[in-house]
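# Overview (structure and organization)
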Number of protein chains: 2
Amino acid sequence: MGTGHQHCQHRGANLAELADRLRRGARKLTGPRQLVLESLRHSRHPQTPKEIHAALAGQPCDLATVYRSLKVLSDLGMVQRFDFGDGIARFELVAEGRDGHHHHLICTRCARVVELDECFLDEIQQRIATANGFRAVTHKLEFFGLCPDCQ
Amino acid sequence: MGTGHQHCQHRGANLAELADRLRRGARKLTGPRQLVLESLRHSRHPQTPKEIHAALAGQPCDLATVYRSLKVLSDLGMVQRFDFGDGIARFELVAEGRDGHHHHLICTRCARVVELDECFLDEIQQRIATANGFRAVTHKLEFFGLCPDCQ
DNA sequence: TTGCTTGCAAAGTATTTGCACCGGA
DNA sequence: TCCGGTGCAAATACTTTGCAAGCAA
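Small disclaimer: the values here were computed from a predicted structure and weren't measured.

## What about the packing of helix H1 (residues 15-24) of chain A against helix H2 (residues 31-41) of chain A?
All names here are of chain A. It is at 11 Å that the axes of H1 and H2 come closest, and there the two elements cross at 130 degrees. Classified by the angle their axes make, H1 and H2 are oblique. Our pair here, H1 against H2, has a crossing hand that is right-handed. Across the interface between the two elements, Leu15, Leu18 and Leu22 of H1 pack against Arg33, Gln34, Leu37, Glu38 and Arg41 of H2. Class assignment for the residues of the contact of H1 with H2 results in 4 nonpolar, 1 polar and 3 charged.

## Quick look at the confidence of the model for chain A
Any residue range with low pLDDT should be treated as having predicted coordinates unsuitable for detailed reading. All names here are of chain A. When pLDDT is averaged along chain A, the result is 88, and 91% of the positions lie at 70 or above. The spread of mean pLDDT over the elements of chain A runs between H1, the lowest at 82, and strand E3 (residues 103-107), the highest at 98. Segment residues 1-12 is flagged for pLDDT under 50; beyond a separation of four residues in sequence, or across chains, it makes 16 contacts in the model.

## A look at the pairing of strand E1 (residues 79-83) of chain B
One face of the sheet, then the other: side chains in a regular strand alternate in exactly this way. All names here are of chain B. Of the strand pairs in this sheet, E1 and strand E2 (residues 89-93) are connected by 5 bridges, and their pairing is antiparallel. Note on E2: the bridge partner recorded for Val79 is Leu93. Connecting E1 to the next strand, E2, in antiparallel fashion are 5 residues, including Gly85 with a positive phi near 80 degrees.

## Details of the protein's contact with DNA strand C
Near DNA strand C there are 20 residues, and of these A:Thr30, A:Arg33, A:Thr65, B:Lys50 and B:Tyr67 occur at the shortest range. Taken together, the sugar and phosphate atoms account for 62% of what DNA strand C places within 4 Å of the protein. Mapped by element, the contributors of at least two residues to the surface near DNA strand C are H2 and helix H4 (63-75) of chain A together with helix H3 (49-55) and helix H4 (63-75) of chain B. Looking at the surface near DNA strand C element by element, the count peaks at 3 residues for H4(B).

Criteria and thresholds
- Residues numbered from 1 in each chain as written.
- Chains lettered and ligands numbered in written order.
- Predicted model: local features only at pLDDT ≥ 70, side-chain atom pairs only at ≥ 80, totals over all residues.
- Heavy atoms only, no water.
- Axes fitted to C-alpha atoms, helices over the stretch in contact; angles between N-to-C directions.
- Helix = DSSP H or I, 4+ residues; strand = E, 2+ residues; numbered from the N terminus.
- Parallel < 35°, antiparallel > 145°, perpendicular 65-115°, else oblique.
- Left-handed = near helix turned anticlockwise from the far one by under 90°.
- Contact = heavy atoms within 4.5 Å.
- Nonpolar A, V, L, I, M, F, W, Y, C, P; charged D, E, K, R; others polar.
- pLDDT = per-residue confidence, 0-100.
- Pairing = 2+ DSSP bridges.
- Near = heavy atom within 4 Å.

Here it is, written out as structure tokens:
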């Protein structure tokens, strides 16, 4: 939509737009949800529910509410869930109009995360889908290794 | 090794070889471990600890022991762990001499699994590792979609 | 007002661990 | 014999859910 300029380089949109997206989903922009959105908006990498909850220090917000907010936001496609293979869910804000699909390079020692904005599997994925008769195929891909500081 | 013929097409090796691999790791081939190995050997796709435990019906074996066996086998590189994004660990037997690296195509509706034996990311992975100064880089990749029967 | 939301507590599920006893090598 | 392995039960960790009260629209 014809949103004007934006003064910050946070990933995703501004609060007003986020509120709008919520309303379109027949949801309310409540205090706790604003906090969760703010927390995600200030994060460069996927955050765990616990990390988000901790970042809300001061503001009272139950951890269960963080989980519920993430569920709502996820259903509306406003946040994307990632799995780093440790059984803990991580979430990242998705920019309006995008699908949030991308990958990460994670240091197995210090947990540093590098965002990989390009996805190089479209062709391969299409080939696999066709070869096996599958449809609506997507994929999850994450890279792991030792970052420069940890080698 | 000069193993003779084998009469089954289970993935991985036979019990004798598996026992040998365990001993080389200074571990014992106990009853429960045999059961876990047998269960994995008869599975074509990654199994959850619970599924493995259930497949041991009749033979008494604690679920905790299944977890501990899988840990040992995993440390010895005899089984490979996979994550299908639902927070449940799944394990597959690795053939001797192989690293077990491969991927899956999973139906999001009926959970049917297709084994994808080829890995097509070597070049891309190398490029990403170099570009970010990472070393010993690996990756986890799984495809999801609707299988022919579920479309 | 109305129905979505929240806090709090309890329940669920997956996985790990302490400990005394048991059994392969 | 000896040390690793096992069953059992309890403990962790992450996530979900029931319920009565609260608040955005």
